[in-house]
2 protein chains.
Amino acid sequence: MEDLKLALLGFGNAAQAFARMLLDKEEEIERTYGRGVKVTAVTTPTKGTILNGRGIDLEKALKDVASVGRFREDTEGLCQMDAFQVIEKADCDVVCELTPLNIATGQPATDHIRRAFQRGKHVISANKGPIAWAFDELKSLAEEKGLLFFYETTVMDGTPVFNLMEHTLKFCKVTEVSGILNSTTNYILEELACGKAFDEILEAGKKKGFIEADPSMDIEGFDAAAKTAALLNVLMGAGITPADVKREGIENITVDTIREAEKRGKVIKLLCCGKREGDKTEAWVKPVEVDRHDMLASIDSTTSVVSITTDLMGKLSIIEHQPEIQQTAYGIFGDVIRVLDSLK
Amino acid sequence: MEDLKLALLGFGNAAQAFARMLLDKEEEIERTYGRGVKVTAVTTPTKGTILNGRGIDLEKALKDVASVGRFREDTEGLCQMDAFQVIEKADCDVVCELTPLNIATGQPATDHIRRAFQRGKHVISANKGPIAWAFDELKSLAEEKGLLFFYETTVMDGTPVFNLMEHTLKFCKVTEVSGILNSTTNYILEELACGKAFDEILEAGKKKGFIEADPSMDIEGFDAAAKTAALLNVLMGAGITPADVKREGIENITVDTIREAEKRGKVIKLLCCGKREGDKTEAWVKPVEVDRHDMLASIDSTTSVVSITTDLMGKLSIIEHQPEIQQTAYGIFGDVIRVLDSLK
């Protein structure tokens, strides 16, 4: 059987860790499926674009990016193409949408995915924008064309959330989801509780890589709202966008607010929640006081949790403890494995 | 397509709740799979045995048991057979092992399952005994005969634990499991912490149905050891029995021990743990002091948790919040759905 061919849109940290995982698991994949996986295209605006139907030398690509920050001139198939041209031209079975998120629009990732489906390609998205902004349309398009559409990484990295429901909780109807899904705000709230100043926390967090250069999308709750919309769209068929999620960030939380809560035995967490009753959807992100004995109070630093309530199984929670970039890579890798399983 | 036919060994609370769920989901199953599920045999030592290839009237069986504690004389197919005779004679595709657990031997459940496989029947076990005591043998027998063997309910009811690994974390190798898996001891430790006396807690717990008539199997850690063995056997191929699990119960924990721990910011929990390095397995159950801010400290009452560490996904935890009998029923129901999926 021919190798499964992937086109990667984006080659940031997660995509690089994913490429490393593909190399590490090359033999095990071939042994399990009787076919390999090869990357035939990679495109980024800053590191360059490679198109090579015979399979890109990932070891070399990773080495070049690590040493000079881009693909070197001697790379076979190096060319000047943008993501749309790559989707059009690449010899591939699956397009992997790994570009940076634009949380305010879900673009251009949504257009990338739509174009890939129109060209008859399966899609794996690690980008939550399209799932938050245009899930129903993209899902319908995939179904209409008989194509696969996987996106486990978009909420809590490779932690099974969408797969948990689809593969292990059949016949269960989701009635409510909630969780702590943004690690930046979780980290900031903890540091505030230790008495540190907001600016000081931001600076230290940026150095550690916990906090983005522009942290406003996290702090004002946009990222959490996008994840909430994604959860509701996939698990409850809500058909909403992040704009439908009532949103309050942590920008007004001070050490005093935290101390006041502590006096009452409470801890402040940025909580996401979504419910659905009949056709009515209620979704919000806001700082909430949780009891210090509550499981939610124990979710610290970069750890995250999602709780899913269903008619048949009551409330279950799944926690991802202090993930590294490898857990994001596994989310993409796991989706590739599902493609291999589905095409068996 | 013909209905899938089940023989139920046992008809206790969980089996009755499972029968109720089958009735509730009858139409949805037929719509999804183009075939129904019918129960063609039920056998218990106290309520009687029914053998009926056309399908037992579950509504009537449930009503009879609720009103007179056994199947009434006017039941079609009522007969005098034990479980082994039913396995031999029943017109069925799947044998469901739902008999009470004998934790010291895993019998007669292991013999039931062996016999069912020998007769060419798929098996669903809600009984953890066989998984803790004879997993490798039974698994090999099932594979040799090309039969299905599902047992999700044996640890944490219908919460995906085995399915989580098999269906959503492919290519991940488990390196460690741990958790709070026995709700009786968890409840007793909490009540002790409130200052209640051991005897008083047992009496109240028995009334509430949280505590068994003979609670020694829970209190001395046998139940937790059996679950630990089951986890290690299935998730790590450990090939151990509960006798290989170092076991210490909570029988020596007093209010004073708990108060001493509290002074140091700790909470005492009966923890299960299993690790595997190369061919070496280490497994134990014992009371452990956990930090009061730790997630484990928040696992209260009948709530339980299992944490699974893998090479590719680090540490994940899944929590089942305060389950009722329905969650046990769903474990069996979910396995029936997997049988339907596997035979598609």
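Worth saying up front: this structure is predicted, and the values here are computed from it rather than measured.

1. Here we look at the state of the cysteines
In this structure the tally under the stated criterion is zero disulfides over all chains. Counting only cysteine sulfurs, C92(A) is the nearest neighbor of C96(A), a cysteine outside any disulfide, at a range of 8.6 Å. The cysteine C172(B) is free of any disulfide, with C96(A) supplying the nearest cysteine sulfur at 18 Å.

2. A look at the pairing of strand 8 (residues 174-180) of chain B
All names here are of chain B. Judged by how many residues are buried, strand 8 sits mostly within the fold: five of seven residues are covered. Pairing geometry for strand 8 and strand 12 (residues 304-310), over six bridges, is antiparallel. Along strand 12, the bridge assignment pairs V174 with T310.

3. Thoughts on the pattern of salt bridges
Residue and element names in this part refer to chain B. Tallied over the entire structure, the rule returns 44 salt bridges over all chains. One salt bridge connects K128 with D223, and the closest N-O pair in it is separated by 2.9 Å. With K128 in helix 6 (residues 128-133) and D223 in helix 12 (residues 222-236), this pair connects stretches of sequence that are 95 residues apart. You'll find K128 and D223 in the same group, each marked buried. Note that D223 and K227 form a salt bridge whose closest N and O atoms lie 3.0 Å from each other. Remark: K227 and D223 occur in helix 12; sequence separation between them is four residues, near one turn of the helix. Each member of the pair D223 and K227 is classed as buried.

4. Remarks on the relation of the copies chain B and chain A
At an RMSD of 0.0 Å, chain B and chain A line up after a rotation of 180° and a shift of 0.0 Å along the axis. Such a combination of rotation and displacement between the chain copies is what one expects of a two-fold axis. Nearest to the rotation axis, the C-alpha of I318(B) is located 2.2 Å from it, this being the minimum over chain B. A shared binding surface is used by both copies, with 100% of the interface residues of chain B retained as interface residues in chain A.

5. Points about the environment of C194(B)
Position of C194(B) relative to the elements: it lies in the loop between helix 9 (183-193) and helix 10 (198-208). Taking the C-alpha atoms as reference points, C194(B) and I258(B), separated by 64 residues in sequence, lie 9.8 Å from one another.

6. Focus: the packing of aromatic side chains
Counting across every chain of the model gives 18 aromatic pairs over all chains. With centroids separated by 5.6 Å and ring planes inclined at 80°, the aromatic side chains of F333(A) and F171(B) adopt a geometry described as edge-to-face. Separated into two different chains, F333(A) in helix 14 (residues 325-342) and F171(B) in the loop between helix 8 (162-168) and strand 8 make up a pair that spans both. Accessibility classification places F333(A) together with F171(B) in one group, the buried group. Taken together through their ring pairs, the aromatic side chains of F117(A), F135(A), F149(A), Y151(A) and F162(A) make up a single cluster. Above the face of the W284(B) ring, K286(B) is positioned so that its terminal group lies 4.5 Å from the ring centre.

What counts and what doesn't
Within any chain, residue numbers begin from 1 and follow the written order of that chain's sequence. Here chains are named by letter from A upward and ligands by number from 1 upward, in the order in which they appear as written. Thresholds applied to this predicted model are a pLDDT of at least 70 for local features of residues and 80 or more for the giving and counting of side-chain atom pairs; totals over whole chains, interfaces and linings are not thresholded and use all residues. Working from all heavy atoms in the structure, the side-chain values ignore hydrogens and water. Disulfides are defined in this document as cysteine sulfur pairs within 2.5 Å. Remark: exposure states derive from per-residue accessible area (1.4 Å probe, protein chains only) relative to the maximum for the residue type, with buried under 20%, exposed over 50%, and partly exposed in between. Think of it this way: any DSSP run of H or I at least four residues long counts as a helix, any run of E at least two long counts as a strand, and we number them from the N terminus. Whether two strands pair comes down to DSSP finding at least two bridges between them. Salt bridge, as used here: a side-chain nitrogen of Lys or Arg that lies within 4 Å of a carboxyl oxygen of Asp or Glu. Only residues with pLDDT of at least 70 in both copies contribute their C-alpha atoms to the least-squares superposition of the copies. Throughout, a residue-residue contact means that at least one pair of heavy atoms, one from each residue, lies within 4.5 Å. Side-chain rings of Phe, Tyr and Trp (the six-membered ring for Trp) are treated as a pair once their centres are within 6.5 Å; stacked means planes under 30 degrees apart, edge-to-face means over 60, and tilted covers the remaining angles. Here, over-ring charges are defined by two tests on the NZ atom of lysine or the CZ atom of arginine: distance to the ring centre within 6 Å, and angle to the ring normal within 35 degrees.

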